[in-house]
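Summary of structural features
The primary structure of each chain is shown beneath.
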Amino acid sequence: MKHEQRRIQTSSLVIGGGVAGLSAAIKLSRLGPVILISKGSLVEANTYYAQGGIASVLSKDDSFENHIRDTCEAGAGLCRLDAVRTVIEDGPRAIEELISWGVDFDKAHSGESYHLTREGGHSHRRVIHAKDLTGKALMETLIHLVRGNPNITVMENQFAIDLITSDKYCPDFSKNSCFGAYILNRRSNEIFQIQAGRTVLATGGHGRIYLYTTNPELATGDGIAMGWRAGAKIANLEFMQFHPTCLFHPQIKDFLISEAVRGEGGILRNKVGASFMEDYHPQGSLAPRDIVARAIDRELKRSGETHVFLDVRHLGEEKLKRHFPNIFARCLSIGLDISKEMIPVVPAAHYNCGGLVVDLDARSSIRGLYAVGEVACTGLHGANRLASNSLLEAIVFSDRLAKAAAKDGQMELLHNLPDWDSGDAVSSDEQVVLSHTWDEIRRIMWNYVGIVRTDKRLKRAEAKMVALRRELTDYYWNYQLNDKLLEVRNLAEVAYLTIRSAMQRKESRGIHYNIDYNFTSETAKDTILW
Ligand code: FAD
Ligand code: SIN
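These lines cover the structure that appears in this document, whether it is placed above or below. It should be emphasised that the depicted structure is a prediction, and the values quoted were computed from it without experimental measurement.

The buried fraction of strand S8 (residues 178-185) amounts to eight of the eight residues, a majority that puts the element mostly inside the structure. Pairing geometry for strand S7 (residues 158-165) and S8, over six bridges, is antiparallel. Within S8, the position partnered with threonine 165 by the bridge is cysteine 178. Summarising the sheet, S8 and strand S9 (residues 191-201) pair through five bridges and their orientation is antiparallel. Pairing of isoleucine 183 across the sheet is with phenylalanine 192, part of S9. Here S8 hands over to S9 after five residues, with asparagine 189 in that stretch at a positive phi of 70°.

So, in structure tokens, the structure goes:
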């Protein structure tokens, strides 16, 4: 016998508890009760691992125009100028607010101003940071504020399965509208619904679609997959940014060596100790990320080696320990003293510039649904994100979202939303199938949709992914849902959409490089999937 599913109602539902979700919840709590759900515990978010810092114009030598120019140059003709200007000009206010909330950024030697570091593609020092643990410092402050806010209810270990939208579940609306989400409690396996006056997707990125990535396990692109299934407009998924310097180690596969290390003087070298980046770009090791990642890829293909090296020995133990205590300690824990030995590094999938298309106030193409943080495509990053612009984007857009939501009002609360339909699904005893599929997807993406692409590789990837998705759909409809099945399905969906986006782009631009189109076309266009 079927029993009735639990229904919860709230003013705002925020799906995701990284910098975007936490900031949005804080601001939305002024409008009424907020429920914030996260897939794991709150600290399991990409944000927690952010190292380098937050880019903003904070010194007299710098200007908004400089930051705007650097952002647009990195973005290779695809940045939306209004989004760029909005984020950059609101940056100093946003940083001021974080400081007033208690984020403990590093001070300069004088102790009066803040220490600003530098990263690839930035013409000036403008990255404010808390040692090499900026994400942790930011998260601790935001989590403290959220937990102490009586208007915010935090629900951890809750997996958002799908958005509840009118097109799919109650088709009497003229424009597709969102009323909340179906949620799976990962501990009890209960499925219930949260109905909300507004719904915010803040589910982060999807580096995990690749075999090698700097992203933690949660980054499976659930928000993009949910948005896609609900009919939201998605753009530019082909622009997966590969970070040039992920630690190369047989066991530790996702530890980042911050770009700030090169900003402070680290040099990329090959096996024989030669610095090679000067052959590729006048800024050498501090060239924009796409150029560095491609150069390393080329060096590795040419030499047949597995990795290159980042040399920081000349910076000295004292500076390394002071500025990069986390990197120093982590490397030492595997027997690598970076003040004496070079760090083995390889590029790895890091950040996706695409996502749900939103306007300047974080509204998606679906009424009542907002998107913020890495899941959103605001137009700030264009075809390649400038380092340390993403935390800033999430903070600025969360603030704008809440202001817009106050004007937009709430969706009506409906009484006839259907329960989640589990059909005749039975319990599966073949979880092993899922981990094989998971692994296969990540290998396909790494081998065929990596730093350097060709039409032939993309076609192969597409064919393989079509077959995998068919198998997964069969699995999905016949077996009871669990979090692993939901994640693999989302991973496959986002991988497939990435391949389709890459196939649509008949040029090379920013971080999308296809040997068969070794040119940049004159008209810059977003790749829209709808
Ligand atoms: P996240 O912080 O990833 O949070 C996503 C949240 O969504 C999590 O709480 C997760 O549980 C939840 N979630 C996901 N799916 C579901 C679901 N189905 N149901 C319920 N909840 C769900 N950027 C910078 O600007 N500066 C840096 O120095 C920097 N360093 C970085 C270092 C590393 C190692 C990495 C990986 C990224 C770095 N970035 C940096 C990028 C930046 O950290 C991310 O883009 C940003 O933190 C994303 O924030 P977010 O809130 O959108 O997502
Ligand atoms: C880093 O510290 O290198 C990451 C910065 C970023 O991804 O913006």
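We are not done yet, so read on.
A few words now on helix H10 (residues 325-333). When H10 is considered as a whole, its buried residues turn out to be Ile327, Phe328 and Cys331. When H10 is viewed along its axis, its buried side chains cluster within an angular range of 100° and face the same direction. In this fold, the buried residues of H10 make contact with strand S11 (240-247), helix H7 (259-263), helix H9 (317-323) and strand S14 (343-352). Of the residues flanking the end of H10, it is glycine 335, one or two places downstream, whose phi is positive at about 85°.

So, about the sheet that holds strand S10 (residues 234-235). Spatially, S17-S15-S10-S18 is the arrangement adopted by the four strands of the open sheet, whose pairing is mixed. At either margin of the open sheet sits one strand with a lone partner, and together these are strand S17 (376-377) and strand S18 (528-529). Relative to S17, strand S15 (residues 355-357) runs parallel, the two sharing two bridges. Counted as the bridge partner of valine 357 is cysteine 377 from S17. Its contacts with the sheet put helix H6 (residues 222-230) on S10, S15 and S18, and the angle it makes with S15 is roughly 45°.

Contacts to ligand 2 come from Gln51, Gly52, Glu119, His243, Leu256, Ser258, Glu259, Arg289, His350, Arg385, Ala387 and Ser388. Glycine 52 places a main-chain nitrogen or oxygen 2.9 Å from an oxygen atom of ligand 2. Contact distances for ligand 2 include 2.7 Å between an oxygen atom and a side-chain N or O atom of arginine 385. Contact with the protein chains hides 93% of the accessible area of ligand 2, taken as 260 Å² for the molecule alone. When the residues that make up the shell around ligand 2 are grouped by side-chain class, the tally is two nonpolar, six polar and four charged.

With that settled, the discussion passes to the site of ligand 1. Surrounding ligand 1, one finds 40 residues, the nearest of these being Gly17, Thr47, Gly53, Glu374 and Ser390. Within the contact set of ligand 1, a nitrogen atom lies 2.8 Å away from a backbone nitrogen or oxygen of glycine 53. A distance of 3.4 Å separates an oxygen atom of ligand 1 from a polar backbone atom of alanine 202. Protein burial of ligand 1: of its 1000 Å² of free accessible surface, 98% is covered by the chains.

The next subject is the environment of phenylalanine 309. If you trace the backbone, phenylalanine 309 turns up in strand S13 (residues 308-311). Given a relative accessible area of 16%, phenylalanine 309 falls into the buried group. Residues phenylalanine 309 and methionine 342 lie 33 residues apart in sequence; the distance between their C-alpha atoms is 5.9 Å. Setting aside residues no more than four positions away along its own chain, phenylalanine 309 makes contact with Ile267, Leu268, Arg269, Asn270, Lys271, Met342, Ile343, Pro344 and Val345.

Rules and cut-offs
- Residues numbered from 1 in each chain as written.
- Chains lettered and ligands numbered in written order.
- Predicted model: local features only at pLDDT ≥ 70, side-chain atom pairs only at ≥ 80, totals over all residues.
- Heavy atoms only, no water.
- Buried < 20%, exposed > 50% of the residue type's maximum accessible area, 1.4 Å probe, protein only.
- Helix = DSSP H or I, 4+ residues; strand = E, 2+ residues; numbered from the N terminus.
- Pairing = 2+ DSSP bridges.
- Arc of directions from axis to C-beta.
- Contact = heavy atoms within 4.5 Å.
- Axes fitted to C-alpha atoms, helices over the stretch in contact; angles between N-to-C directions.
- Near = heavy atom within 4 Å.
- Polar contact = N/O pair within 3.5 Å; in protein donor to acceptor, adjacent residues only side chain to side chain.
- Areas by Shrake-Rupley, 256 points an atom, 1.4 Å probe, with all protein chains shown as cover.
- Nonpolar A, V, L, I, M, F, W, Y, C, P; charged D, E, K, R; others polar.

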